[in-house]
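Structure at a glance
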Amino acid sequence: MADSFFAPRGDGGWLATSATEGPWSPRLQHGGPPAALLVRALQALPGPQPGRLARVTLEFLGPVPVGAVDVAAAVERDGRSVQLLSGELSA
């Protein structure tokens, strides 16, 4: 059993471990691990301190394979007390 869901690849990307496997196929991830990786990237963005995420909406446009993934996050609209953030996970 893997110790974590993802291991850093060294180039800023991540490598999904066998712990991310979903119930439908050992080659496809369950939705929880990639969602957690995206939320981690959103939480790392600069913003008002102390700050917390109020709502996260995810759209899976297809299955996420167990393998290499890249994550990007950005501040779409900045504000003194409220921000709009976006993130994308690609395989």
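Before reading further, recall that the structure is shown in the block above.
As the structure is a prediction and not an experimental result, all values here were calculated from the model.

1. So, the pairing of strand β3 (residues 68-77)
Strand direction decides the pairing type here: strand β2 (residues 14-16) and β3, joined by two bridges, are antiparallel. Each bridged residue has a counterpart across the sheet, and for W14 the counterpart in β3 is V69. Two strands pair when backbone bridges link them, and β3 and strand β4 (residues 84-90) are joined in this way by seven bridges, in the antiparallel orientation. Of the residues in β4, the one forming a bridge with V71 is L89.

2. Things to note about the pattern of salt bridges
Applying the stated criterion to the full structure yields two salt bridges. In this structure, D11 engages R9 in a salt bridge whose closest nitrogen and oxygen atoms are separated by 3.1 Å. By relative accessible area, which is 31% here, R9 ends up partly exposed. Ionic pairing is found between D70 and R9, a salt bridge with its closest N-O pair at 2.8 Å. One end of the pair, D70, is in strand β3; the other, R9, is in the loop between β1 (6-8) and β2, with 61 residues separating them in the sequence. Here D70 falls in the partly exposed class, since its relative accessible area comes to 35%. The network of salt bridges with shared partners includes R9, D11 and D70.

3. Overview of the nonpolar core
Counting eight residues, the largest nonpolar core consists of F6, W14, A16, L37, L38, V64, V69 and L89. The set of elements that each furnish at least two residues to this core consists of β2 and α1 (32-43). With sequence-adjacent residues up to four places away left out, V64 is seen in contact with R27, L28, Q29, P34, V69 and L89.

4. Things to note about the layout of surface pockets
Taken as a whole, the largest pocket spans an internal volume of roughly 1,100 Å³. Residue lining of the largest pocket: 37 residues in total, with L42, V56, L85, S86 and G87 positioned closest to the centre. When residues of the lining of the largest pocket are traced back to their parent elements, those giving at least two are α1 and β4. Looking at the lining of the largest pocket, the element that brings in the most residues is β4, giving seven residues.

About the cut-offs
Every chain is numbered independently, its residues counted from 1 as its sequence is written. Predicted model: local features are reported for residues with pLDDT of at least 70 only, side-chain atom pairs are reported and counted for 80 or more only, and whole-chain, interface and lining totals are derived from all residues. Calculation of side-chain values draws on the structure's entire complement of heavy atoms; hydrogens and water are dropped beforehand. Whether two strands pair comes down to DSSP finding at least two bridges between them. Numbering goes from the N terminus for both helices and strands, where a helix is a DSSP run of H or I of at least four residues and a strand is a run of E of at least two. For this analysis, a salt bridge means a side-chain nitrogen from Lys or Arg found within 4 Å of a carboxyl oxygen belonging to Asp or Glu. Each residue is placed in one exposure class: buried if its accessible area under a 1.4 Å probe, protein chains only, is under 20% of its type's maximum, exposed if it is over 50%, and partly exposed if it falls in between. Side-chain atoms within 4.5 Å link the members of a nonpolar core, which is a set of buried Ala, Val, Leu, Ile, Met, Phe, Trp, Tyr and Cys residues. Contact between two residues is taken to exist if any of their heavy atoms lie within 4.5 Å; hydrogens are not considered. Cavities and pockets were defined on a 1 Å grid built over protein atoms only: a cavity is a set of grid points that admits a 1.4 Å probe from which the probe cannot escape, a pocket is an open set flanked by protein on both sides within 12 Å along at least five of seven lines, and lining residues are those with an atom within 4 Å of any such point. Grid points are joined across faces, edges and corners, and a volume is the space filled by probe spheres set on the points.

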